[in-house]
Amino acid sequence: MKLENYYIKDDASTDESYGYYPTKRPIEEYIRKGLICIDKPMGPSSHEVVVWVRKILNVSKTGHAGTLDPRVTGVLPIFIENATKMVKFLQESSKEYVCLMRLHGDAKREDVERVMKKFVGRIYQRPPLKSAVKKVLRIREIYEIELLEMEGRDVLFRVVTESGTYIRKLCRDIGEILGTGAHMQELRRTRTGRFGEDMCYTLQDLLDAYVFWKEEGEEKYLREIIKPMEVAAADLPKIVIKDSAVDAICHGANLSVRGVAYVEKSVKKDGTVAIFTLKNELVAIGRALMDAEDIYRLKKGVAADIQRVMMERGVYPRVWKSYAKS
């Protein structure tokens, strides 16, 4: 945490008797509050991969952020038990793909590049017949598109899109404007939100790490593969709160400005914020009710409306009766 990015409202300290720094959690709790980026192979559905992760780790609940079709490979973030509460906040993150498109006729590279550039920006899409969602026209945004290689009728390109964009449909639309026709031959997701290929592991990697822990008592491989759920909230504007405010939020209270220790300068009214302890534990996700400057300046008022509590009750002491009335 770079303090220059924060307003320091109260130079508070934390009691080491309560909670854990995320990387120091006992291994069972570390798993329950973790996530893993799986390099999804071709063949199984996203749901099947999620079930395999659940069985490997012997946990009760897993969820993923962003479905990949069976034939599509690449980055599939999977959230474990407590961390599954994060899924809906990550599903809308941008996606990056590398796609192999097959043209149905000959075309010049410069023509393909010219047509591709027409799709940067907001586009209309109707989901393809094979998709599981309602076939209604909708608007999606293409942030970047780059032709990487072209050999004959095979075109390799990179594209960064808004969540929910159909690359299969994009290929057909490009082919239609080119006048050649085209279809998606292969697709790999290389990034979803902040999770890229460099963070990915295979299912076999996960299984091996789990066996090392169970049979040899060696935790380091599992801790390397599984990341704390806090990683998923790293790009959200942050409010860091005092120990005395933690359990009040866990019991359903909104965040009072009196409970704030630090507030990131990027916090804006009505924007999504992540609420952290002084040990960098994720307490909750909420909606800011003030800009950062007002949270820093004001002595009374509600700083954030809590939308999803991530931490269990009782991790921090209940010292909030008088605080909750402020």
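None of the values given here were measured: they were computed from a predicted structure.

Participant: What am I meant to see in the pairing of strand 15 (residues 260-264) here?
Facilitator: On a regular strand, one side chain projects to one face of the sheet and the next to the other, so that they alternate. Burial analysis of strand 15 places five of its five residues in the buried class, which makes it a mostly covered element. Two elements, strand 1 (residues 6-8) and strand 15, share three bridges in a ladder whose sense is antiparallel. Within the sheet, the bridge partner assigned to Tyr7 lies in strand 15 and is Val263. Alignment of strand 13 (residues 238-241) against strand 15, held across three bridges, turns out to be antiparallel. If you follow Ile241 over to strand 15, its bridge partner there is Val260.

Participant: Help me out: how do you make sense of the confidence of the model for the chain in this one?
Facilitator: Detailed reading of predicted coordinates is not advised where the pLDDT is low. Residues of the chain with pLDDT of at least 70 account for 95%, and the chain-wide mean is 93. Within the model, the stretch residues 322-326 combines pLDDT values under 50 with eight contacts to residues more than four positions away or in other chains.

Participant: Could you clarify how one ought to interpret the sheet that holds strand 14 (residues 255-256) in this entry?
Facilitator: Within a sheet, each strand pairs with its neighbour through backbone hydrogen bonds, oriented either parallel or antiparallel. Reading across the sheet, the seven strands line up as 1-15-13-16-17-18-14 and stay open at both edges, with mixed pairing between neighbours. Looking at the sheet topology across the chains shown, the edges are occupied by strand 1 and strand 14. In this sheet, strand 18 (residues 302-309) lies alongside strand 14 in antiparallel orientation, the contact comprising two bridges. Among the inter-strand pairings, Leu255 is bridged to a residue of strand 18, identified as Ala304.

Participant: Is there a simple way to think about unusual backbone geometry in this case?
Facilitator: Positive phi, close to 55°, is recorded for Asn58, a residue that is not glycine. Mapped onto the fold, Asn58 is located in the loop between helix 2 (46-57) and strand 3 (62-64). In this structure, Asn280 takes a positive phi of about 70° despite not being glycine. Mapped onto the fold, Asn280 is located in the loop between strand 16 (272-276) and strand 17 (282-288). On the basis of relative accessibility, which here comes to 42%, the residue Asn280 falls in the partly exposed class.

Participant: So what exactly am I meant to see when it comes to the nonpolar core here?
Facilitator: If you look at the biggest cluster of nonpolar residues, it comprises 49 residues, and the most contacted ones within it are Leu57, Phe157, Ile167 and Leu222. Once residues within four sequence positions are removed from consideration, Leu57 is found in contact with Ile31, Ile80, Leu206, Tyr210, Leu222 and Ile226. Ranked by size, the runner-up nonpolar core spans 25 residues in total, among them Met86, Phe195, Tyr262 and Phe276.

Reading guide: rules and limits
- Residues numbered from 1 in each chain as written.
- Predicted model: local features only at pLDDT ≥ 70, side-chain atom pairs only at ≥ 80, totals over all residues.
- Heavy atoms only, no water.
- Buried < 20%, exposed > 50% of the residue type's maximum accessible area, 1.4 Å probe, protein only.
- Helix = DSSP H or I, 4+ residues; strand = E, 2+ residues; numbered from the N terminus.
- Pairing = 2+ DSSP bridges.
- pLDDT = per-residue confidence, 0-100.
- Contact = heavy atoms within 4.5 Å.
- Core = buried A, V, L, I, M, F, W, Y, C linked by side-chain atoms within 4.5 Å.

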